[in-house]
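# Results of the structural survey
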Amino acid sequence: MPLVVDNGNGKKTTATSFQVLPAASKFYITQLSSHVLKRGQSHKNVVVQGSGFTSSTKIYFNDKVIAATFQTSAQMTITQLDFRSIKAGTYTIYAQNGSIKSNPVVLLAEPL
């Protein structure tokens, strides 16, 4: 769903798309064990906390599936995030069950 904000002065923001989750959705991410990771390193066992995870849930980083282990319906663990060749900046992580996506959470790749 695209969103444009009208600033009331004749100027509008650039359209941004986002997914609206149903109000009754119990599938979401609440936090990561770390939101800031150092570039030039490989990070192991990053914990994803939330609700509605299943053994079929996939975790996505920068829109690509990454290795993650199901722990409970409230926790998954990203096995390894390789930040050795990634650029500094912000990236998103989200979970997906079939065609249903969770909310995205922001992860920062720190400059060297």
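Here is a short report on the structure shown in this document. (Residues numbered from 1 in each chain as written. Predicted model: local features only at pLDDT ≥ 70, side-chain atom pairs only at ≥ 80, totals over all residues. Heavy atoms only, no water.)

Looking at chain direction, strand S8 (residues 68-72) and strand S9 (residues 75-82) are connected through 4 bridges and run antiparallel. Its bridge partner lying in S9, Ala68 is registered against Ile78. Counting the residues between successive antiparallel strands, the hairpin from S8 to S9 contains 2 residues. (Pairing = 2+ DSSP bridges. Helix = DSSP H or I, 4+ residues; strand = E, 2+ residues; numbered from the N terminus.)

Turning our attention to the packing of aromatic side chains. Counted under the stated rule, the structure contains 4 aromatic pairs. Summarising the aromatic geometry, the rings of Phe27 and Phe53 are spaced 6.3 Å apart at their centres and angled 90° between planes, so their arrangement reads as edge-to-face. One end of the pair, Phe27, is in the loop between strand S2 (16-17) and strand S3 (28-32); the other, Phe53, is in the loop between strand S5 (42-51) and strand S6 (58-61), and 26 residues separate them in sequence. A relative accessible area of 6% places Phe27 in the buried class. The class for Phe53 is buried, based on a relative accessible area of 3%. With a centroid separation of 4.9 Å and 5° between ring planes, the pair formed by Tyr60 and Tyr94 is classed as stacked. Of this pair, Tyr60 sits in strand S6 while Tyr94 sits in strand S10 (residues 89-97), and the two are 34 residues apart along the sequence. One aromatic cluster is present, built from ring pairs that chain together Phe61, Phe83 and Tyr91. (Phe/Tyr/Trp six-rings, centres within 6.5 Å; stacked < 30°, edge-to-face > 60°. Buried < 20%, exposed > 50% of the residue type's maximum accessible area, 1.4 Å probe, protein only.)

Looking now at the sheet that holds S9. Read across the sheet, 4 strands follow the order S3-S5-S9-S8 without closing on themselves; strand pairing throughout is antiparallel. Each edge of the open sheet carries a strand with a single partner, namely S3 and S8. Neighbouring strand axes in the sheet, compared pairwise and without regard to direction, differ in orientation by 30° on average. Relative to S9, S5 runs antiparallel, the two being bridged by 7 bridges. Bridged to Val46 within S9 is Ile78. (Axes fitted to C-alpha atoms, helices over the stretch in contact; angles between N-to-C directions.)

In short, geometric facts, not functional conclusions.
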